[in-house]
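As a plain string of letters, each chain reads:
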Amino acid sequence: MHYLKNELLVLVMLVVIALISFFGMVFEINKKFSVETPAFGGTLTEGIVGNPRFINPILSQTDADRNVVSLVYTGLMRYGQDGKLTPALLESYEISPDGMEYTIKLKEDLRWSNGKKLTVDDIIFTIQLAKNPVVQSPRRANWEGVEASKVDGQTVRFRLQKPYYPFLDNLTLGILPKYLWERVPPSQISFSKLNTEPIGAGPYKIESIEHDSLGSIVSMELSANENFSLGKPNIKNVILKFYKNEEGAVKNLKNGAIDSFGGLSPKFVKDISGKKQVLSIDLQRIIGIFFNHGKHKTLSTKEVREALDMAVDKQKLVEEVLGNYGKVIDGPLPPNIVGDNAKNDFDPETAKLTIEKKAKGLALTITTAQTPELLEIANFVKKMWENIGVTTEIQSFALTDLEQLVIGPRRYDAFLYGEEVVGQNPDPFAFWHSSQRTHPGYNIALYANSKVDTMLESVRTTQEDQKRTEIYQKIQKEIYKDTPAVFLFSPSYIYAVPKDLKGVDIKTISTGSERFSTIHEWYLKKQYVWKVFAR
């Protein structure tokens, strides 16, 4: 009997070993022939600084507004992970040979997040509302002179007054549902509750909103929109939590109250790098110090401007202030447009000799916004300018006051400022064409060069990618030669996300909210399928 028990035990052990070996072999075979693919589920909790007031693509003004708009709404196009335009609501488009007409064909059976049908009429209504001066949309300038007309139930045509190739980037404007917004008089648009209770066609829809005692939005829960034109997102829910400042958001990022936070300052990276996946995304923005030779005559001398440029160690600035989250530049366009080949012409000895010879006793005031990063940069430059004998003061203003008190009246010697070079096909016209030297133009360096004017006009009408790139590079070279500003760096956008978040492979963005352009491709849950069955 004892002998039989031992035999039975051995048999059981052999069966167990065989089963383990079998399943191990199956696992290895499955691993070898299968691939990881996204599965539906999970929740991403994201922190955002500020409180949204206008969750409306034609009224959004703040980062908080634009972040939620990017999740709830979509345009005819969205940006892909490489920063290039990709169809969203549209199926296809044609540009007329003269560059004056854009014919857009919509995808079939488009739906709002509540299931109602989205039509050509919604497209035309949104554009007309954005153009209406009574609405006072920040997007109005993009659509002035553009006529939208219905060709048929699937097709809309845009007619421009003159060729403008960057127009394609305008097609990322989120579309509004006509059946809801047509009930609101244009003069009352900004007061409508639809601004905080929106219905869109974006990747997510709002399920619930929490307010504080003052009525400000403090948190928001969103769920995946199964009607999204690019497919139902993989992540089931997105929770947004809104904070008064970055410090509050970072504290909650560290203690796990939120999973992710975008626009992280370099100084906080070390605190969270072990706990989170830290993404560094190229940001289509340039930071520079723009000279006002109209206010300070000494700055009319090119050698003086070159000396001020040579006095700044830009590489050291990027290393010490940005923690290497940025790239040195020497012109008005970011590296992803013209190539990453900037020179760091740091030569303080030559700069000092030039100042002693051409502008001894020079005193300048650096004017900038009251943000920690810009003030730190201003102080860095101040030390370097003082090292070559330039007396330097710093004057700062609240961001909300810059337009009225500084930019409009051109009231500054040297203006430390960031310019957003927006879109796949950027249009630097407003920043550098001589016609834009007075407000409301943004040529804050008061720059005038007839050769650059011609190139700025030409790049707007050039459709061929290679030719446009060549023109951008020539613009960069010509402006660099004239030194109308100290071009410092193009910053990176730092995005802290969970280590298990996949599908986030963002190369470049123009604004922080564009990080959500591909959120439908991100995933927290995964599954394994055999390669033959994978898409």
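Use the structure listed above.
Trainee: Let's hear about the overall build of the chain: which residues, and what values?
Mentor: Counting its regular elements, the chain contains 17 helices and 21 strands. A principal-axis box enclosing the C-alpha atoms of the chain has dimensions of 110 × 60 × 55 Å. Expressed as a percentage of the 535 residues in the chain, the buried residues total 50%. If you take every contact in the chain between residues at least 6 apart in sequence, the share linking residues at least 24 apart comes to 70%.

Trainee: Residue-level account of the packing of helix α9 (residues 302-310) against helix α12 (residues 348-358), with values.
Mentor: At a closest axis distance of 8 Å, the pairing of α9 and α12 adopts a crossing angle of 145°. Judged by the twist between their axes, the crossing of α9 over α12 is left-handed. Contacts from E303, V304, A307 and M310 in α9 reach P348, T350, A351, T354, I355 and K358 in α12. In terms of residue class, the contact of α9 with α12 is built from six nonpolar, two polar and two charged.

Trainee: Lay out the sheet that holds strand β5 (residues 90-95) with the relevant residues and their values.
Mentor: Read across the open sheet, the four strands follow the order β5-β6-β8-β7; overall the sheet is antiparallel. Whereas interior strands pair on both sides, the edge strands pair on one side only; in this sheet they are β5 and β7 (147-152). Averaged over all adjacent pairs, the angle separating strand axes in this sheet is 20°, with direction ignored. In the packing of helix α3 (residues 120-131) onto the sheet, contacts are made with β6 (101-106), β7 and β8 (155-159), and the angle to β7 comes to roughly 170°.

Trainee: Tell me what's going on with the packing of aromatic side chains, and back it up with residues and numbers.
Mentor: Counting across every chain of the model gives 15 aromatic pairs. Chaining the aromatic ring pairs together yields one cluster made of Y102, W143, F158 and F167. Just above the ring of Y179 sits the side chain of K116; from NZ or CZ to the centre is 5.6 Å. Taking NZ or CZ as reference, R515 lies 5.2 Å from the ring centre of Y495, over its face.

Trainee: Outline the environment of G323, listing residues and values.
Mentor: With respect to the helices and strands, G323 occurs in the loop between α10 (314-320) and β15 (326-328). For the pair G323 and R78, spaced 245 residues apart in the sequence, the C-alpha separation amounts to 31 Å. Leave out the neighbours within four places in its chain, and G323 touches P266 and V318.

Trainee: Please provide a residue-by-residue account of helix α16 (residues 450-459), values included.
Mentor: Along α16, the residues that are buried comprise V452, D453, M455, L456 and V459. Take α16 and look down its axis: the buried residues cluster within an arc of 165°, on one side only. Of the surrounding elements, those touching the buried residues of α16 are α15 (429-432) and α17 (465-482). Measuring from the side-chain oxygen of the N-cap residue of α16 to the backbone nitrogen of K451 gives 2.9 Å; that N-cap residue is N449.

Trainee: Residues and numbers for the side chain of S60, please.
Mentor: Along the chain, the position of S60 falls in the loop between β2 (43-49) and α2 (63-72). Taking relative accessible area as the criterion, S60 reaches 4% and is therefore assigned buried. Not counting chain neighbours up to four residues away, the residues in contact with S60 comprise F54, D65, R66, V69, P138 and R139.

Trainee: Summarise the pairing of strand β14 (residues 285-291); cite the residues concerned and give the values.
Mentor: Burial analysis of β14 places six of its seven residues in the buried class, which makes it a mostly covered element. Pairing of β14 with strand β18 (residues 414-420), which is carried by seven bridges, proceeds in the antiparallel orientation. Paired with I286 across the two strands is E419, which belongs to β18.

Trainee: Explain the pattern of salt bridges residue by residue, including any values.
Mentor: According to the stated counting rule, one finds 23 salt bridges in the structure shown. With a closest N to O distance of 3.9 Å, K327 and D340 form a salt bridge. Taken as a pair, K327 in strand β15 and D340 in the loop between α11 (335-338) and α12 lie far apart in primary sequence, 13 residues in all. For K507, the salt bridge identified is with D505, shortest N-O distance 2.8 Å. Among the residues examined, D505 registers a relative accessible area of 41% and is labelled partly exposed. Because the salt bridges share partners, they merge into one network encompassing E36, K502 and K526.

What counts, and at which threshold
- Residues numbered from 1 in each chain as written.
- Predicted model: local features only at pLDDT ≥ 70, side-chain atom pairs only at ≥ 80, totals over all residues.
- Heavy atoms only, no water.
- Helix = DSSP H or I, 4+ residues; strand = E, 2+ residues; numbered from the N terminus.
- Buried < 20%, exposed > 50% of the residue type's maximum accessible area, 1.4 Å probe, protein only.
- Contact = heavy atoms within 4.5 Å.
- Axes fitted to C-alpha atoms, helices over the stretch in contact; angles between N-to-C directions.
- Left-handed = near helix turned anticlockwise from the far one by under 90°.
- Nonpolar A, V, L, I, M, F, W, Y, C, P; charged D, E, K, R; others polar.
- Pairing = 2+ DSSP bridges.
- Phe/Tyr/Trp six-rings, centres within 6.5 Å; stacked < 30°, edge-to-face > 60°.
- Lys NZ or Arg CZ within 6 Å of the ring centre and 35° of its normal.
- Arc of directions from axis to C-beta.
- Polar contact = N/O pair within 3.5 Å; in protein donor to acceptor, adjacent residues only side chain to side chain.
- Salt bridge = Lys/Arg side-chain N within 4 Å of Asp/Glu carboxyl O.

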